[in-house]
Amino acid sequence: MKTAGPAIVETYQQLKREARKKFEALKEKPLVLVGTATCGRAAGALNVLAAFREEISRNQLDAGVREVGCMGHCYAEPMVIIYKPGFPPLCYGPVDEGTAGRLVVDFLINDDPCFEFAIAALEPNDFFPTFSDYPRGIYENKIILANCGLIDPEDIDHYLAHEGYEALAKVLTMDPAAVVAEIKSSKLRGRGGAGFPTGIKWETCRNTSGTPKYVICNADEGDPGAFMDRALLESNPHQVLEGLIIAAYAVGASQGYIYVRAEYPLAVTRVKTALEQARERGLLGESILGSDFSFDIKIFQGSGAFVCGEETALIASIEGSPGIPNHRPPFPATSGLRGKPTVINNVKTLSYVPHIIRKGAEWFRSIGTENSPGTAVFALAGKVNNTGLAEVPMGTTLRQLLYDVGNGIKNDKRFKAVQIGGPSGGCLPESALDIPIDFDSLQQAGAMMGSGGLVVLDEDDCMVEIARFFLDFTQKESCGKCTFCRLGTKQMLDILTEITRGRGRPEDIDLLWELAEDIKAGSLCGLGKTAPNPVLTTIRYFRDEYEAHIQEGRCPALMCKELITYYIVPEKCSKLCNVCIGSCPVEAIYTRPDMLKAIYLDKCVKCNSCMVACPPQYQAVIKISPPIVEDKGDQAHEQTSGNNR
Amino acid sequence: MELQPGELEMIRNEVEAVLQRYGVERENLIPILQEVQNRLGYLPKEAMQQIAENMKIPEIDVYGVGTFYNQFRLNPPGKHQIKVCMGTACHMMGGHIILDSFERRLNIKEGETTPDREFSLERVACVGCCALAPVVVVDEKVESKVSPIRVDGILLTFEIEKQKSGEEKGQEEEGSGQ
C-alpha cells in the first residue's frame, strides 16, 4: 500500500525523535552502564551493579545506572562504561565492588577518571586511547555487534535512537519483491553454519503459494563453544526482531516464531520484554506503523536437543514432536511448519537484514570477500588471551584473528590447533593459520564455519581427546533416526575412548576413517553428515598423536588421564612447604621420612590441584607419560624415558 | 519411585492448572511439559498420563517427547541443582575434572540425586559462558573459572547454610516449646 508511504515514515520519525530526546537526556548527567549479560553475571556483574547503585545513593549523586548487554570483551568482564559530561566516555574492566566504589568517589564526585582501571575510551580524545587504537580495533568491523553493550536492551527507545526500526519503516513503503531482491543482491549467506544464500531462501518462500506463511528465528544455539546468538539476544534483541519483521513482510508471512534454547533464560526474558515494547509502539502486531501489514511473533522455548538447530527438526519440535529431522526436499521454504511455506533464519542472519536495508546491498558487498560478503562473528574461547566475541570482515585470516584480535595464546604456550565450527567443524593446525576465513575456504580445509565458535588449543591439549569429546557429544545428541549416525558414531566413540585409554590397536585409525566416510554418506541431516569432521581433521593433521597413543601408550600432550602419572621431582621439592598436601582433595600426597613430598599413585585422582598449587619458584610437580606402573620412589622416575614437563 | 501421601493430589492439581491455560492442540505439548516441570521440578509418570488423557494423544507420545529432550527430568531433582558445563571450552579447561570432583564429593554419578535429596548433579552441553571456563551453574547462579578447591567451597557454603538454618529451626522449636 504505497499511498500510506509518507504517513508510515512520519509515524516512524515521530517515534525516533522522541526516543532520541529521551536518550540524549540520559547523558546530560553522569551515566553508568554495567554489562549484565550472562557472561557478565558469571563474572559478578550483578554485585558490581548493586555496588554502583548503593554508592551513588549513599553519596546522593544525580547519576543514572543502567544495565546493558555484552560488548564482546568477555575477558574483561564485568565491564562498566561511564559517561560524564566533560569527559570522554570510558570503558572499565574487570570491575569489582571495590573498584566500583572508587569510581563513584574519584570519578563521579572528584573528576579523576581513574585511567588505571580503564581499558579504552569510546570516542577519540586527547587523554586515552580508544578501542580502534589496539590491534583488535583495527581488524574489527562491528555491524551487528555495534550497539551491543552500549544500549539498554530492555528499553526500545535506546534502539530507536540508534536508527532502530528505520529499515522497517523503509521496507513498508517498498514492494515486498524489491525487499527480497535487495537481500538477494547483497549476497547475504545464512550465518547458522551452512551459508545458504538468504535471498534465494526468501524468494522461494515468497513464490510458493500457500497461506499462511511463517518466519522462524532459529536461536537454538547448541554448538558448545559458541555464544554469539545469546549475546545478541541479550544485548540487542530489537535488532533481531526488526530483521524478523522485515523477513515476514518480504515473504508475506503473518506469524513468526523465535525458537530459543531454554538454557538461555536471560535471553528469553529480554526478548519477551522487547516483544511487548515493540507491540506497544505499533512496530509489531496489527497494521504495523499504520500500514496494512500485520504480523506477530511468539517465543517457543527449545528443550535442549542439539539436533533441533536443524530446520526440519526444529519444525517438528514446534509441532510438539521429538525433534527428528525429515528428508529435504521439500525444503521448509516450500513446505515447512504445518506444511506451509516457512523461512528459518539464524539470529545473526536476521540481525544483518536491517543494516542491509538501511545502507544498501552494495555497501554490504563491499565488506568481506567476493563469495562471502559481510562480517563474521566469532566466539573466541579456550587458550587465547582475549576471549570473547569478535566481529571481523570475512576473509580475515585465522592468524590475525588469534594473534591480533585475540592477543595471542595464554601463558606463552605454543599454539597447537584451533577448533572451529563446533561438533560439525574440525581442528586446523598451524599450517592452516593463513587461510582467509570464509564459508568456502574453511570447507576446503576440512572444517566448517558452523556458527562461528572458535576454541583455541595449545600444547597441553590432546587432539585425540578433543576428537573423542566431540564424538561423545554428537553420539549423545544423535536423534537416532539414521542407523549410520546412531550406531556409527557410537562405534567411533568406543574406538576413540579405547585409544585415549592406551588400548588402541594399529588398525583403528583406518577403521575410524572408513566409519567416518560411511556416516557421512549414510546420514540424513547435517548432524550426522558432519559428525565425523573432528575425527577426520585430527587424523589428517595430527596423525602422529594417534600413533603415539596406540603404539607407545603415551599421550604427548599429557592430558589423557589413563596415560599420565603425577610425580613430584625430589630435587625440586622444598622440604619446608606443604602446599601440595593441603591442595589434594583425596589425601594422596604424603611427607617422606626425608621431609620431601610424594604421591600415592593408587590414591591419586589426577585432578591437577597439586600442580596448580605448587609454588612457581619450585614447580616440583610434573606429569609423566607413559605412566609409572608401580610406585618405586626415585627409581621410577629414572625408568621413564618418556616426555615430561 | 513411590509417591508420598498427598503428593498425587498435588500433582493432579498442578497439572490441571497448567492444562487449563492451554488448548488441547498437539503444538502445546512441549510448553505444557515445560510448565509442569517448572512447577513440580520433574515430570512424574502420573502427570504425563494426565496430560495424554487431556490432550487425547497416546501416553507413549508424551513419554517420547519427555525422554527425547535433555531438559526434561523423570525423577525429582535435589534441593540444590548443580549443572557442570561440558562445552568445548569448559572441557578443555578442565570441566571433566570439576565433574569428577563433584561426583567424588557428593558420592553420586552425574544424572543422580543424593539420597537425602539435597543435591542433584547434571551435565549441560554449554551455557554459553565459554570465555569464563570452566563453568558450573549452581541453582541459577553461574560460577566461573571453577577449580577442584572451589568445588569444596561451593559445597561447604551449602553445608554451613544448612547448619545455620538447622540451628535457627532448633532455636525456634525451643522458643515455641517454652
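Residues numbered from 1 in each chain as written. Chains lettered and ligands numbered in written order. Predicted model: local features only at pLDDT ≥ 70, side-chain atom pairs only at ≥ 80, totals over all residues. Heavy atoms only, no water.

### Considering the overall build of chain A
Now for step 1: Secondary structure summary: chain A contains 25 helices and 19 strands in total.
Now for step 2: Rg of the C-alpha trace for chain A: 27 Å, near the compact-globule value of 26 Å for 645 residues, within the 12% margin.
Now for step 3: When contacts within chain A are restricted to residue pairs at least 6 apart in sequence, long-range pairs at least 24 apart make up 71% of them.
Now for step 4: For chain A, the exposed area adds up to about 23800 Å²; of that, 49% sits on carbon and sulfur atoms.
Now for step 5: Across chain A, the 67 positively charged side chains and the 80 negatively charged ones have centroids separated by 3 Å. (Helix = DSSP H or I, 4+ residues; strand = E, 2+ residues; numbered from the N terminus. Rg over C-alpha atoms; globule rule 2.2 N^0.38 Å. Contact = heavy atoms within 4.5 Å. Areas by Shrake-Rupley, 256 points an atom, 1.4 Å probe, with all protein chains shown as cover. Lys, Arg positive; Asp, Glu negative; His and termini not counted. Charge placed at Lys NZ, Arg CZ, Asp CG, Glu CD.)

### Describing the confidence of the model for chain A
Now for step 1: In this model, chain A carries a mean pLDDT of 92, and residues with pLDDT of at least 70 account for 97%.
Now for step 2: Counting contacts from residues 633–642 of chain A, a segment whose pLDDT is below 50, to residues more than four positions away or on other chains yields 15 contacts. (pLDDT = per-residue confidence, 0-100.)

### What about the interface of chain A and chain B?
Now for step 1: At the junction of the two partners, chain A supplies 61 residues and chain B supplies 38 residues.
Now for step 2: Interface area lost by chain A to chain B is led by A:A42, A:S303 and A:F469, which between them contribute 15%.
Now for step 3: Where chain A meets chain B, there are three salt bridges.
Now for step 4: The tally of links between chain A and chain B comes to 18 residue pairs in polar contact (both at pLDDT 80 or more). (Buried area = accessible area lost by both parts, 1.4 Å probe. Salt bridge = Lys/Arg side-chain N within 4 Å of Asp/Glu carboxyl O. Polar contact = N/O pair within 3.5 Å; in protein donor to acceptor, adjacent residues only side chain to side chain.)

### Remarks on unusual backbone geometry
Now for step 1: A:T211 connects to A:P212 through a cis peptide bond whose omega is -10 degrees.
Now for step 2: Topologically, A:P212 is positioned in the loop between α9 (198–207) and β6 (214–219).
Now for step 3: Each neighbour pair has its own omega, and for B:A133 with B:P134 the value is -10 degrees, a cis peptide bond.
Now for step 4: In this structure, A:N411 takes a positive phi of about 55 degrees despite not being glycine.
Now for step 5: Secondary-structure assignment places A:N411 in the loop between α16 (398–405) and β12 (415–420).
Now for step 6: On the basis of relative accessible area, A:N411 is assigned to the exposed category, the value being 67%. (Buried < 20%, exposed > 50% of the residue type's maximum accessible area, 1.4 Å probe, protein only.)

### Quick look at a nonpolar patch on the surface
Now for step 1: Together, B:I60, B:Y63 and B:L74 make up an exposed nonpolar region whose accessible area comes to about 290 Å².
Now for step 2: Secondary-structure assignment places B:I60 in helix α4 (residues 59–68). (Patch = residues over 30% accessible without salt bridge, like charges linked within 9 Å, V, L, I, M, F, W, Y side chains within 5 Å.)

### Considering the packing of helix α1 (residues 7–21) of chain B against helix α3 (residues 45–55) of chain B
Residues and elements named next belong to chain B.
Now for step 1: Packing of α1 against α3 brings their axes to within 10 Å, and their N-to-C directions diverge by 40 degrees. Of the two elements, α1 crosses α3, and the hand of that crossing is right-handed. Counting all contacts with α1, which are made through L8, I11, R12, V15, E16 and L19, the residues of α3 involved are E46, A47, Q50, I51 and N54.
Now for step 2: Counted by class, the contact of α1 with α3 contains six nonpolar, two polar and three charged residues. (Axes fitted to C-alpha atoms, helices over the stretch in contact; angles between N-to-C directions. Left-handed = near helix turned anticlockwise from the far one by under 90°. Nonpolar A, V, L, I, M, F, W, Y, C, P; charged D, E, K, R; others polar.)

### Some words on the pattern of salt bridges
Residues and elements named next belong to chain A.
Now for step 1: Inspection of every chain in the model, using the stated rule, returns 58 salt bridges over all chains.
Now for step 2: Here E311 and R328 are joined by a salt bridge, their closest N and O atoms 3.2 Å apart. Here the residue E311 occupies a position in helix α13 (residues 311–318), and R328 occupies one in the loop between α13 and β9 (342–346), the gap between them amounting to 17 residues.
Now for step 3: Taking the relative accessible area as the measure of exposure, E311 reaches 16% and is therefore buried.
Now for step 4: Across the pair R468 and E465 runs a salt bridge whose closest N-O atoms are separated by 3.1 Å.

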